[in-house]
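Observations on chain architecture
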Amino acid sequence: MTTAPGGTAGTRPARPAGARRPSRTGALSIPFGARTWREGCHQLLGLPLATVSFTVLVTTLAVGAPLLITFVGLPVLAAGLWALRGLARLERERARLLLGLEVEEPEPLRPRGGRRSPLGWMGAVLRSPVTWRTSAWTLVHLPWSLVGFTVVTVLWGLGWTLLLFPLWFWTVPRFSGEPGVGINLDGRGGGWVWDGPLEVAMAAVLGYLVLYGAGWAVRALCTVDRALVSGLLGPSAQADRVRQLESDRSSVLDTSAADLRRIERDLHD
């Protein structure tokens, strides 16, 4: 079992680049840091995976549950829930690569009658707490990943558009006939138009501020993601306790065997 302050059983806290409290200069580079990019990509990639997982779960329940009155429903449910466990393994790997979060594999299936028994395997899938924790993660992950995807898309899109405004603002009067970017309130040339050096500089500064806020928003979103993955996709506290007891038992047995060998050597000498 691996535990550490701030982590849950079976997980090791994330240690991505820049995980320590940033210095003053480091804080200014948050919008462009490697950690921000990795965690932002984690938010963007979360929605497709969540959509696939949710589709698998809903399809499995919609097809398998009504067929439980026949023998066909049980294998459909078991196969669909087993596929969810595979997607959960992919999510743990994604968290390791992009969030720096190491989550141990949960307890394996223990079919009654051995792995070659189809009924034992299906029963093990349906009885396993890991299966239902994975299902709970699937239900929570879709709405949460939609929030993360929307926040990152909007903030990054707006921030980079404004930050790079000095590089592309000249294309507006050249290709559209408008004097600049802005809002024409009366349709006769009035309104607020960004076409001067001051407005261009203000847009770039505003873009940086939006990206700075986006960097901290991404970190907050990923904090919740780490909690979901470690809490629902890792081993349970009970399984970790059993694993720890087995490890302690093995250590005691190894120590006892070493002591017996030492006593035998002493008696022989």
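Placed above this text is the structure.
Summarised in this report is the structure supplied together with it. (Residues numbered from 1 in each chain as written. Predicted model: local features only at pLDDT ≥ 70, side-chain atom pairs only at ≥ 80, totals over all residues. Heavy atoms only, no water.)

Brief notes about the packing of aromatic side chains
- In this structure the tally under the stated criterion is seven aromatic pairs.
- Between Phe32 and Trp160 the ring centres are 5.9 Å apart and the planes differ by 65°, which places this aromatic pair in the edge-to-face class. In this pair, Phe32 sits in the loop between helix H1 (24-28) and helix H2 (34-64) while Trp160 sits in helix H5 (residues 129-163), placing the two residues 128 residues apart along the sequence.
- Of the residues examined, Trp160 reaches a relative accessible area of 24% and is grouped as partly exposed. (Phe/Tyr/Trp six-rings, centres within 6.5 Å; stacked < 30°, edge-to-face > 60°. Helix = DSSP H or I, 4+ residues; strand = E, 2+ residues; numbered from the N terminus. Buried < 20%, exposed > 50% of the residue type's maximum accessible area, 1.4 Å probe, protein only.)

Structural notes on the packing of helix H3 (residues 73-99) against helix H4 (residues 118-127)
- One way to put it is that H3 packs onto H4 with a least axis distance of 9 Å and a crossing angle of 55°. Classed by the angle they form, the pair H3 and H4 counts as oblique. Crossing of H3 over H4 shows left-handed handedness. Only Leu119, Trp121, Met122, Val125 and Leu126 of H4 make contact with H3, whose side of the interface consists of Leu74, Pro75, Leu77, Ala78, Leu81 and Trp82.
- By residue class, the composition of the contact of H3 with H4 is 11 nonpolar, no polar and no charged. (Axes fitted to C-alpha atoms, helices over the stretch in contact; angles between N-to-C directions. Parallel < 35°, antiparallel > 145°, perpendicular 65-115°, else oblique. Left-handed = near helix turned anticlockwise from the far one by under 90°. Contact = heavy atoms within 4.5 Å. Nonpolar A, V, L, I, M, F, W, Y, C, P; charged D, E, K, R; others polar.)

With respect to a nonpolar patch on the surface
- Together, Val63, Leu67 and Val72 give the surface a local cluster of nonpolar side chains, amounting to about 210 Å² of exposed area.
- Mapped onto the elements, Val63 comes out in helix H2.
- Judged by its relative accessible area of 39%, Val63 falls in the partly exposed class. (Patch = residues over 30% accessible without salt bridge, like charges linked within 9 Å, V, L, I, M, F, W, Y side chains within 5 Å. Areas by Shrake-Rupley, 256 points an atom, 1.4 Å probe, with all protein chains shown as cover. Salt bridge = Lys/Arg side-chain N within 4 Å of Asp/Glu carboxyl O.)

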